[in-house]
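What follows is the residue order along each chain.
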Amino acid sequence: MLRAVIGIALAAALVALPHGLSFSQQEILVFLTINVLLVASYRLLTLTGEWSLGHVVIMGVGAYASALFTKQLGLFVPLSMLLGALTAAAVAWALSFPLFRMKGFYFLIGSFAAGEIIRLLWKRFRDPFGGPKGLKGIDPMPDFSIGFYDFDFFEPVSYYYFAGTVVAVCLWIMWRIEHSPVGLTFHAVHWQDKLAQASGIDVRAYRTRAFVIASGFAGLAGALLAHYIGTINPNSFDVEVMVFVLTWAIVGGTATFYGPILGCVMLTVLNEIVLRELGFEQMRPLIYGAVMILSILFLPKGLESVVERLVGPRRARA
Amino acid sequence: MSPILEVDGLTMRFGGLTAVDGLSFSVAEGVIHGLIGPNGAGKTTTFNAISGFYRPSGGEIRLRGQVISGQPMHEVARRGLVRTFQHSTLFAELTVLENAVVGTHMVHRPNLLAAVTGSDRAARAEARERARAALDFFGLAGQENERAGDLAHGHQRALGMAVAYAAGPQIVLLDEPFTGMNPEETRAMMVLMEKLRDSGVTILIVEHDMHAIMGLCERITCMSFGKLLAEGAPREIREHPDVIEAYLGGTHHAA
Amino acid sequence: MTELLAQTGLNALYAASYISLVAVGLVLIFGVMGVVNFAHGELFMAGAYAIVALYADIGVPFLAAVAAGLVFVGGLGLLMERALFRPLRDNPLGGLVASIGFLMILQALAVMGFGVRMEHIPPPTQDVIVLSEKVRLPVSRLVVIVSAVLLLSALWYFLKRTRFGWALRASAQDPEAAALQGISINQTARIAMFIGAALAGVAGALTAPLVSVNPHMGHSVIVTAFIVIIVGGVGSLEGAVVASVLYAFVHTIVTTFYDGVVADIVGLSLLLGVLVVRPTGLFGTADRA
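The rules behind the values
- Residues numbered from 1 in each chain as written.
- Chains lettered and ligands numbered in written order.
- Predicted model: local features only at pLDDT ≥ 70, side-chain atom pairs only at ≥ 80, totals over all residues.
- UniProt positions renumbered as here; feature names shortened; annotations may be inferred.
- Helix = DSSP H or I, 4+ residues; strand = E, 2+ residues; numbered from the N terminus.
- Rg over C-alpha atoms; globule rule 2.2 N^0.38 Å.
- Buried ≥ 20, exposed ≤ 12 C-beta atoms within 10 Å, placed from the backbone.
- Contact = placed C-beta atoms within 7 Å.
- Nonpolar A, V, L, I, M, F, W, Y, C, P; charged D, E, K, R; others polar.
- Domains from an automatic or database assignment.
- Pairing = 2+ DSSP bridges.
- Right-handed = clockwise from strand over helix to strand, strands pointing away.
- Core = buried A, V, L, I, M, F, W, Y, C linked by C-beta atoms within 7 Å.
- Axes fitted to C-alpha atoms, helices over the stretch in contact; angles between N-to-C directions.

Chain C appears in an unreviewed UniProt entry as Branched-chain amino acid ABC transporter permease from Paralimibaculum aggregatum. Regarding chain C, the relevant UniProt record gives this comment under Subcellular location (unreviewed entry): "Cell membrane". In its Sequence similarities (unreviewed entry) section, the UniProt entry covering chain C states "Belongs to the binding-protein-dependent transport system permease family. LivHM subfamily."

In the nomenclature of an unreviewed UniProt entry, chain B is known as ABC transporter ATP-binding protein of Paralimibaculum aggregatum.

Here it is in structure tokens:
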């Protein structure tokens, strides 16, 4: 009962939120919504214990694929977004063959190399990827109406509602997966892969499964981004963006579902709203870097550990 | 009775070192079988080769006549041979019940789509029931919501066996299950093993301390320097001159 | 054709020189501290800006400026050791994240101090050694090659022939055993960080007049260094040097006959290939990751 009330209040607050913001803040809110999906999918990937540095490039695969599906084939935008997500998942599946021969640090570097290769291919091949300048004039989401609300996608608020709904559904699916026997198996693979194997679990298959699903959601995030900003290039998905994702996850903490989302929201608010308003334009990366260092030094288990201490012990899974 | 597990000419080489050299023995169904030997005899290597952790350099391992050597560990497990690990290898961060539920993986294979739609509710309930039954079997019924890493040492060992039992194995391999246990815990563990055997599961125990398992095993295989030394009933093994020599001779300390 | 190959070989030798300085430092830090220093490219960048500030802006003699850059970046290494890696010794992922934070700070400081534009520094000498009509070696490149050989030889002597070097290698192999032998972990960590960082700094300082200096120049440097240390085998200093030479030749040749992007793709594919076939690298035996 209490949870239902909190849920409804939260939903209402999220619906009302953009109306108290300036236009540029509304745009940031759209990016934030997309990034929440990205970072939540990243946590799904890390559930089996492997940390990838190629996740943002996989997001880019979804963005490029969706943009090209509309540009070249003239597909309906929502359909091409879904196909973009599937493409990202398929690319991840292909990459899993070399990458899951590695573990730990080697996986980290291997995923980084694989991602950089994809980015260089975008740069090298002007046709169809547009080379270093990338793709421009990507079709926007077509306007539509659901009776009581007209979606006009020149307005960030409309796109926020659209992306927010998509992201909410995705989060719900990811939450269901984690709190299911499949999710329990992911955790088992992470904590003791040998014992998991002895229980008949095909460890590599489960690592691949987490990687592919997470990549699909990241690809969808990329597609949502591409059709909002209308232009993407190889540098939109470079390692600096990956560093941001990594930071959100670590500052927020990865032990809980909401930890990375919390990290993403808090750091985005700090970075885009507080520091921008205070006029620290050039100093923002400096303060951001300092926040990263301070949080890893003094809050190694992330912001979520503070919340957990306030709320009490966590409930059991499965 | 036909053997459930046959080891046939097993050889394991690491670089220039031959750890196991043409070892052959078989385990009859429904017994507790011991594999013993002094330090460095190659017991643990043999154990790892049987469970699929290592790929043998030579020879064959058969489970009910089916070749399992060379298969990865999860495939071996799926055919009914489940191993435990030395010490307290558990999913320490998960609860006791969750540990046992992971053990039911082969019986109730998780399904991704059903997990999202929620149509696997019945399967989940069955998996939990099965896991609870396994915990009950090993006397852990009251502790299912504790974190596995927080359990007492003896209970962690019991949980390790419960996880294996939840998988519904035909034969269980136990890796030095008495190491680090006090006499009381050892006795309790022996009772559990006999109970497990009586439920129809064949058991193969690898143990360094031969006295510990003399009273427990129906049959014992003793190896030394990677080769079969003697095989027989506990009394025969205890009195076998080669076994006495292997355990007392050289620099090996008497166990 | 032979002349083209000879010229390409000289270019590769120059590239191998500064790459191996960076990579050897990275391996040393990873070996002793067990942490992947993502800020290593920015230490290189800091060395280059030391030349901008001292040599280009206020006219300190080039080699004196290089020496100052070495000490300055080595000092940054000591700062990182004390402030980041020592408190995070039991948390390798934390160390990695902290080094990324430090990287952002260094980049931001460079932007604030010098702006984002490229700095072109006049080389200390315009002399060119003409070996034949088409084979030329600018003296400023020769300086980089000679310096790298001297510094790496000195490092080799230090590691193999001195007591500190012995302590360093011991704690790289087995920190706990080394601690039992009375080797101070903090001491070896300080030495490793100073040397590792200083080598990156000196590489940046020496090459500053030959490349365009900008706050983001560290990125390609760290990517190259990763390729080299993986191919050479993580933890192997000799492997890092051999792999640097190998990589520099492959990259330079592919750049000459195709283009730079293809060369980058080839380099990264080499890295992936080594990881798939032999994850411990061509020379590595260490398995500390």
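Caption draft 1: Structural context of the overall build of chain C. Secondary structure summary: chain C contains 11 helices and two strands in total. Tracing chain C from N to C terminus, the helices and strands come up as α-α-α-α-β-β-α-α-α-α-α-α-α. A compact globule built from 289 residues would reach a C-alpha radius of gyration of about 19 Å, and chain C, at 19 Å, matches this within 12%. Dimensions of chain C, computed from the C-alpha atoms along their principal axes, are close to 60 × 45 × 35 Å. With 289 residues in all, chain C has 51% of them scored as buried. Sequence separation of 24 or more characterises 76% of the internal contacts of chain C that already satisfy a separation of 6 or more.

Caption draft 2: Here's a closer look at the interface of chain C and chain A. Between chain C and chain A, the contact holds 33 residues from the first and 30 residues from the second. When contributions to the side of chain C that touches chain A are tallied by element, the ones reaching two or more residues are α4 (92–114), α9 (218–232) and α11 (260–277) of chain C. The element contributing the most residues to the side of chain C that touches chain A is α4(C), with 13 residues. Here the side of chain C that touches chain A is composed, by residue class, of 27 nonpolar, five polar and one charged.

Caption draft 3: Here's a closer look at the interface of chain B and chain A. With 31 residues of chain B at the interface, the matching set in chain A holds 24 residues. Secondary structure elements with two or more residues in the side of chain B that touches chain A: α2 (73–78), β6 (81–83), α3 (96–103), α4 (112–117) and α5 (121–137) of chain B.

Caption draft 4: Layout of the domain arrangement of chain B. Residues and elements named next belong to chain B. Here chain B is described as being made up of domain 1 (1–80 + 170–177 + 203–255) and domain 2 (81–168). Taking the mean C-alpha position of each, domain 1 and domain 2 sit 27 Å from one another. Listed by partner, the interface residues are 15 residues for domain 1 and 10 residues for domain 2. It is strand β7 (residues 171–175) that provides the largest number of residues to the side of domain 1 that touches domain 2, a total of five residues. Broken down by class, the residue content of the side of domain 1 that touches domain 2 amounts to nine nonpolar, two polar and four charged.

Caption draft 5: Representation of the sheet that holds strand β4 (residues 58–63) of chain B. Residue and element names in this part refer to chain B. The strand order across the open sheet formed by four strands is β2-β1-β4-β5, and the pairing between neighbours is antiparallel. This sheet does not close on itself; its edge strands, each paired only once, are β2 (17–28) and β5 (66–67). Relative to β4, strand β1 (residues 3–14) is paired through five bridges, and the arrangement is antiparallel. When the bridges of β4 are listed, L5 appears paired with L63.

Caption draft 6: Representation of unusual backbone geometry within the structure. A cis amide bond links D127(A) with the next residue in sequence, P128(A), at an omega value of 10°. Phi is positive for R64(B), close to 50°, though the residue is something other than glycine. Note on R64(B): 16 C-beta atoms within 10 Å, which makes it partly exposed. Even without glycine at this site, E176(B) takes up a positive phi of about 45°.

Caption draft 7: Just the pairing of strand β9 (residues 219–224) of chain B, in detail. Residue and element names in this part refer to chain B. β9 sits mainly inside the fold: five of its six residues count as buried. The pairing of strand β3 (residues 32–36) with β9 spans four bridges and is classified as parallel. Paired with H33 across the two strands is R219, which belongs to β9. As paired strands, β9 and strand β10 (residues 227–232) are joined by five bridges and run antiparallel to one another. Bridging across to β10, S224 finds its partner in K227. Two successive antiparallel strands, β9 and β10, enclose a turn made up of two residues, where F225 displays a positive phi of approximately 50°.

Caption draft 8: Broad picture of the environment of A115(B). Note on placement: A115(B) falls in helix α4. Apart from the residues lying within four places of it in its own chain, the contact partners of A115(B) are R176(A), I177(A), S180(A), P181(A), V182(A), P110(B) and D120(B).

Caption draft 9: Structural context of the pairing of β7(B). Residue and element names in this part refer to chain B. Most of β7 sits out of view: five of its five residues are buried. Across three bridges, the pairing between β6 and β7 is parallel. From the neighbouring strand, R83 faces β7, where its bridge partner is L173. Where β7 lies against strand β8 (residues 202–207), five bridges are found, and the strand directions are parallel. Paired with D175 across the strands is V206, a residue of β8. One crossover worth recording links β7 to the parallel β8 by way of helix α7 (residues 183–198), and it is right-handed.

Caption draft 10: Expanded view of the nonpolar core. A162(B) and V22(C) are the most contacted members of the largest nonpolar core, which totals 287 residues. Broken down by element, the residue count for this core peaks at 18 residues, all from helix α1 (residues 2–33) of chain C. The residues touching V22(C), leaving out its near neighbours within four places in the chain, are H40(C), F44(C), L199(C), A200(C), A203(C), V221(C) and A225(C).

Caption draft 11: Up close: the sheet that holds β9(B). Residue and element names in this part refer to chain B. Ordered by their spatial adjacency, six strands build an open sheet running β6-β7-β8-β3-β9-β10, and the pairing between neighbours is mixed. Pairing within the sheet leaves two strands with one partner each, and these edge strands are β6 and β10. Pairwise comparison of adjacent strand axes, ignoring direction, gives a mean angle of 20° for this sheet.

Caption draft 12: Focus on the UniProt feature "transmembrane region" (unreviewed entry) in chain C. Residue and element names in this part refer to chain C. What UniProt calls "transmembrane region" (unreviewed entry) maps, in this numbering, to residues 12–38, 58–80, 92–118, 138–159, 191–211, 223–250 and 257–277. Split by type, residues 12–38 is 81% helix and 0% strand. Its first and last C-alpha atoms lie 25 Å apart. Helix makes up 95% of residues 138–159 and strand 5%, and the two end C-alpha atoms of the span are 32 Å apart.

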